[in-house]
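Inside the fold
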Amino acid sequence: MIDKLDNKTSVKCLFWLLDINYEIKDNKPEIWMWGIDGKGKRILVIDRNFTPYFYLVLNSQENPNSVLERVREKQAEIPHIADLELTVRRLFGQPVYAIKVLCQNPESISEVVKPLSKVNGVEKCLEHDIRYSMRYIIDNNVSPCGWYEIEVNEVKNDSKIQVDKVLTAQSSPIRIDKEGLPQLKILSFYPIFYASKGSPKPNRDPVLIIATVFNTGEKKIFVAKNHDDSSVIKDFIECVKKFDPDIIAGFETNRLQWQYLIERANKHNFNLIVDRANGVPHISVYGHMSITGRINLDILDFAEELPEVKVKTLENLADYLKIDRGKQQIFIDETEYAPYWENETKRVELIKFAMERAECISQILGMMLNYTVELSKLVGLPLDHVIKAAVGFRTEWYMIREAYKVGELIPERIDRPYIPYVGGIVLSPKPGIHENITVLDFKSMYPNIMIEKNISPDTYIPPLEPDPPSGVNIAPEVGHKFRKEPPGFYKKILSNLLTAREEIRKKMSQMDSKSDEYGLLDARQRVVKVITNAVYGYTGWLGARWFQKPVAEAVAAWGRDMILSSIKMAREFGLEIIYGDTDSIFIEHQPQKIEMLCKTIKENLGLELKPDKFYQRVLFTEAKKRYCGLLSDGTLDTVGLEVVRGDWAKIAKDVQEKVLEMVLRERSVEGAVRFVKERIKKIREQKVPFTDLIIWKTLTKSAEQYEVNAPHVQAAKILTNSGWDLTVGDKIGYVITRGTGKLYERAKPYIFASYDEVDKEYYISKQVIPSALRILSLFGLSEQKLLEDEILIKPKKLTDFIG
DNA sequence: GCTTTGATCTTACCC
DNA sequence: ACGGGTAAGATCAAAGCG
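These remarks concern the structure in this document.

Procedures and definitions
- Residues numbered from 1 in each chain as written.
- Chains lettered and ligands numbered in written order.
- Predicted model: local features only at pLDDT ≥ 70, side-chain atom pairs only at ≥ 80, totals over all residues.
- Heavy atoms only, no water.
- Buried < 20%, exposed > 50% of the residue type's maximum accessible area, 1.4 Å probe, protein only.
- Helix = DSSP H or I, 4+ residues; strand = E, 2+ residues; numbered from the N terminus.
- Pairing = 2+ DSSP bridges.
- Phe/Tyr/Trp six-rings, centres within 6.5 Å; stacked < 30°, edge-to-face > 60°.
- Salt bridge = Lys/Arg side-chain N within 4 Å of Asp/Glu carboxyl O.
- 1 Å grid on protein atoms, 1.4 Å probe; cavity = no way out; pocket = protein on both sides within 12 Å on 5 of 7 lines; lining within 4 Å.
- Points joined across faces, edges and corners; volume = space filled by probe spheres on them.
- Nonpolar A, V, L, I, M, F, W, Y, C, P; charged D, E, K, R; others polar.
- Near = heavy atom within 4 Å.
- Polar contact = N/O pair within 3.5 Å; in protein donor to acceptor, adjacent residues only side chain to side chain.
- Axes fitted to C-alpha atoms, helices over the stretch in contact; angles between N-to-C directions.
- Contact = heavy atoms within 4.5 Å.
- Core = buried A, V, L, I, M, F, W, Y, C linked by side-chain atoms within 4.5 Å.
- Parallel < 35°, antiparallel > 145°, perpendicular 65-115°, else oblique.
- Left-handed = near helix turned anticlockwise from the far one by under 90°.

1. Description of the pairing of strand β11 (residues 186-193)
For β11, a buried count of eight out of eight residues is recorded, marking the element as mostly surrounded by other parts of the structure. Direction of pairing for β11 relative to strand β14 (residues 247-250): parallel, over a ladder of three bridges. Looking at β14, one finds that Leu187 is bridged to Ile248. With seven bridges joining them, β11 and strand β12 (residues 207-214) adopt antiparallel strand pairing. Residue Ile192 lies in a different strand from β12, and its bridge partner there is Ile209.

Structure below.
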């Protein structure tokens, strides 16, 4: 029993919600809300008044009251049940009777579910798989990273929780219309582990350095004495305790570093106590490490959101984000940590490198925080959960909140067989170079189709069911039916999201684009867009709680219908179509006709088709989904080609990019050919940087699970045998060496290969020539011609190829 | 016994 | 661990050939 500090009645407390978790004390659940109050005090609000529950869905043939009676009889045999309430809910839009089973303890729900699901008349149990803390968030319409007001009493901080105040809730939290973040304390850190052979091993290799950066500007660095890291880790723990950060940021912390530090600490017989409740970081949902009372953010998880960053190193990420890493950038590869450490003068550089990385993490965090906060607010998952959660789960959590508001039960997640369905249409392009091409595309095509046709899991009418009085929309080709009224669950969600984004963008248009508030709104509209666009994919995801194949199938069918209609209409207007993919058409630039076309389509199809891009010149090969266009501002827009792929050697990508520039911008095929020949010569002369020869490929399963041998798998096996820990998702960098036999037998991890053993002819004939020829074959060039010694005798003019 | 061919595996892209 | 549509290269075994 916690004593009140004084006898005053409860007071109102304004706070910003950082994190939420639950604890069981004396067999009773408590919601713990970690926050920052209006005066910047760190607080813990404990709510003991929220009862966990789940639902029993009743068979529609049964009398609900008699089922309730039977459940009551059973209740006598089962402890833990606090109460039963007969209610009406909806499941996939259908009204159902449901018994709300209130339990004393969230951990006992699973014990209650089993016997009660067997009661006659009970069809199934639902929502027992919703975590107690998430339940609290949903039912109270609370989102992390928002401001709330709550009635509280201050109590003694008996358990030495690391906060300024411990409070008990006397009411539910109420959302306050207040923008912005409190002054957060953020600690960024980067440790260096000794790597004697391959990846560092916690039972063998010590922590040499931990560099820390506070967002107050202060920096601290802890360095081991020889190989003894006990004090390094202790000093780090002390540093965390003293600075008391709200957010701890790192790089590779979730998959690697926290666990490593925990194990090293344990090896020295102490615990890595860095959280606010005197505990150790622990594994939590979606594979992240949770630090109670603080938010643990891994910059690497943020990098996963950026497909443009192919190999997710801290340096690549920083370069992509245009972070200034100073003039004297040091880069020390992991393989060199040990030799750097052993050398007195080089050790200084290693220490500097660790600090630079910590600073870099701190800067990246600053750039990603708005986005993560907005994501957390919209989706309703705490910051550290939401950044780790896959898109499908984020979308689903957003839906779960909305479902609660309209009384929809949350369906269970079930295993389903994979049955493919037909998706969007891709037209075969007209190969060659085209001038003055406009790209028209449907604005948010799939979301708008779902809205327009009221496609939703709760509006679907199965084949044998009679049509409702409101009538139905029937999907073309596939024939699925959806009731026209009332508006479905998805229609509501998507309309809200689309309107919300419009409103945010409207606000933004009247603001200074450099202001903090603008940045915040920009992050908000991006997040809204991401969730909007994810809904269609969600509907076809086998793991989705609201999975309904006809929903996904019908959306795609209507999409095909609309794009085909548009093409037909365009042709009727006398407009030539060059290419199209799913929701876009590439069309000759005739402004008046295009305007008329868009107007006609809006009137006939109810969806907006709008000009999106204009290409002065655009080049297509025979292939779909691969082209390159020259935009009005002179930049190249390269799509699908090797240039934008991460699994070609840089040398091949650079050559292709230059070829495209020469051809599209300079209109010089001759120049392109000359360039390719020069580069080939440079490769033979070993004048190309070694790093330009590395090929990166993702390991998508463990090396043994592959059915056929492949170069990157072979390279991965070599790395594993040399002591490197590889996991699924790792990018393997390898080069092809000279020799006989299969390609995979000649693949070698780049860290083990020397330039002299590289097979230059492979890079010429299998990397550079194919990627150059992808473009140049359009102009009648062949491999032989690119390999010929003399400069092209009589090149054709670019104008000969313009269609 | 050799090369050619095609199915299959694999990755990464587009929208 | 959101969907389907697509290109492309390497491997591997069957087919084709003399």
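Next comes the rest of the account.
2. Observations regarding the packing of aromatic side chains
Under the criterion given, the structure shown has 30 aromatic pairs. The interplanar angle of 65 degrees and the centroid separation of 5.9 Å between the aromatic rings of Trp32 and Trp34 together place this pair among those described as edge-to-face. When its relative accessible area of 1% is taken as the criterion, Trp34 is described as buried. Measuring from ring centre to ring centre gives 5.0 Å for Phe620 and Tyr627, while their planes differ by 40 degrees; the resulting arrangement is tilted.

3. Details of the pattern of salt bridges
Taken as a whole and judged by the stated rule, the model has 46 salt bridges. The partner of Glu252 in a salt bridge is Arg255, and the shortest N-O contact between them spans 3.4 Å. Among the ionic contacts, a cluster of salt bridges with common partners joins Arg42, Lys185, Asp244, Asp246, Arg276 and Arg294.

4. Focus: helix α12 (residues 445-452)
Of all eight residues in α12, six are buried, a share of seventy percent or more. Along α12, the residues that are buried comprise Met445, Tyr446, Pro447, Ile449, Met450 and Ile451. Two residues or fewer after α12 comes Asn454, characterised by a positive phi angle close to 55 degrees.

5. A closer look at empty space enclosed by the protein
This model, assessed by the stated rule, comprises one cavity of 30 Å³ or more. Of the volumes computed, that of the largest cavity is approximately 30 Å³. Tallying contributions element by element places helix α9 (residues 344-379) first for the lining of the largest cavity, with three residues. Here the lining of the largest cavity is built from residues that sort into five nonpolar, one polar and three charged.

6. Considerations on the protein's contact with DNA strand B
If you check the shell around DNA strand B, you find 19 residues, and the closest are Asp583, Lys625, Gly646, Thr700 and Tyr706. Near the protein, within 4 Å, the atoms of DNA strand B are sugar or phosphate in 92% of cases. Take Tyr627: an N or O atom from its side chain is 2.8 Å from a phosphate oxygen of DNA strand B. In the environment of DNA strand B, a phosphate oxygen lies 2.8 Å from a nitrogen or oxygen atom belonging to the backbone of Gly640.

7. Topic: the sheet that holds strand β22 (residues 577-580)
With antiparallel pairing, the six strands of this open sheet are ordered in space as β22-β23-β18-β24-β25-β26. Single-partner strands in this sheet number two, and they are β22 and β26 (636-639). Within this sheet the neighbouring strands show an average axis-to-axis angle of 35 degrees, counted without direction. As paired strands, strand β25 (residues 627-631) and β26 are joined by four bridges and run antiparallel to one another. Across the sheet, residue Cys628 finds its bridge partner in β26, namely Thr638. Against the sheet, helix α15 (residues 549-572) engages β18 (432-442), β22 and β23 (584-588), with an angle of about 10 degrees to β23.

8. Let's talk about the sheet that holds β12
On the basis of which strands lie adjacent, the open sheet formed by five strands has the order β13-β12-β11-β14-β17 and mixed pairing. Single-partner strands in this sheet number two, and they are β13 (219-223) and β17 (295-298). Averaged over all neighbouring strand pairs, the angle between strand axes comes to 20 degrees, with direction disregarded. Taken strand by strand, helix α5 (residues 253-267) contacts β11, β12, β14 and β17, and its axis lies near 75 degrees from that of β11.

9. Points about the side chain of Asp139
Relative to the helices and strands, Asp139 is located in helix α3 (residues 132-139). A polar contact is formed between the side chain of Asp139 and the side chain of Tyr53, at a distance of 2.5 Å. When sequence neighbours within four positions are dropped, the list of residues in contact with Asp139 reads Phe50, Tyr53 and Tyr404.

10. With respect to the nonpolar core
In terms of nonpolar packing, the biggest core is built from 160 residues, with Trp258 and Ile364 touching the most fellow members. With 15 residues, the single largest contributor to this core is α9. Residues Cys628, Leu699, Leu773 and Leu776 belong to the second largest nonpolar core, which totals 54 residues.

11. Looking at the pairing of strand β6 (residues 94-103)
With respect to burial, β6 is a largely interior element, seven of its 10 residues being buried. Pairing of strand β4 (residues 53-58) with β6, which is carried by five bridges, proceeds in the antiparallel orientation. Counterpart to Tyr55 in the pairing with β6 is Lys100. In this sheet, β6 lies alongside strand β5 (residues 81-91) in antiparallel orientation, the contact comprising 10 bridges.

12. Quick notes on α3
When you tally the buried positions in α3, you get eight out of eight residues, the bulk of the element. Within the span of α3, buried status applies to Tyr132, Ser133, Met134, Arg135, Tyr136, Ile137, Ile138 and Asp139. Positive phi shows up at Asn141, right after α3, with a value of about 50 degrees.

13. Re the protein's contact with DNA strand C
Around DNA strand C, a shell composed of 26 residues is seen, among which Gly423, Ala534, Gly540, Lys624 and Tyr744 lie nearest. Of all DNA strand C atoms lying within 4 Å of any protein atom, the proportion belonging to sugar or phosphate reaches 88%. One nitrogen or oxygen atom from the main chain of Gly392 is found 3.3 Å from a phosphate oxygen belonging to DNA strand C. With respect to DNA strand C, the backbone of Gly423 contributes an N or O atom lying 2.7 Å from a sugar or linking oxygen. For the surface near DNA strand C, the secondary-structure elements that each account for two or more residues are α11 (391-405), α14 (516-539) and α20 (760-776). Class assignment of the residues belonging to the surface near DNA strand C gives a composition of 15 nonpolar, six polar and five charged.

14. Considering the packing of α15 against helix α16 (residues 591-605)
Geometrically, a packed helix pair is captured by the angle between its two axes and the distance between the axes. Their axes nearest at 10 Å, the elements α15 and α16 cross at an angle of 140 degrees. With respect to their mutual orientation, α15 and α16 come out oblique. Between α15 and α16 the crossing geometry is right-handed. Facing α15, whose interface residues are Met562, Ser565, Ser566, Met569 and Ala570, α16 presents Leu597, Thr600, Ile601, Asn604 and Leu605.

15. Some details on the layout of surface pockets
Put simply, the second largest pocket is a space of about 790 Å³. Lining the second largest pocket are 27 residues, with Arg175, Glu374, Lys377, Leu378 and Arg524 positioned closest to its centre. Secondary structure elements with two or more residues in the lining of the second largest pocket: α9, α11, α13 (489-509) and α14. In terms of residue count, α13 provides more of the lining of the second largest pocket than any other element does, six residues in total. Each residue belonging to the lining of the second largest pocket can be placed in one class, and the counts come to 10 nonpolar, five polar and 12 charged.

16. A look at unusual backbone geometry
Here the amide bond leading from Glu485 into Pro486 is cis, since omega sits at -10 degrees, within 30 degrees of zero. A positive phi angle, close to 50 degrees, is found at Phe92, a residue other than glycine. Inspection of the secondary structure assignment puts Phe92 in the loop between β5 and β6. Judged by its relative accessible area of 24%, Phe92 is partly exposed. Here Asp244, not a glycine, exhibits a phi torsion of approximately 55 degrees, which is positive. Inspection of the secondary structure assignment puts Asp244 in the loop between α4 (230-243) and β14.

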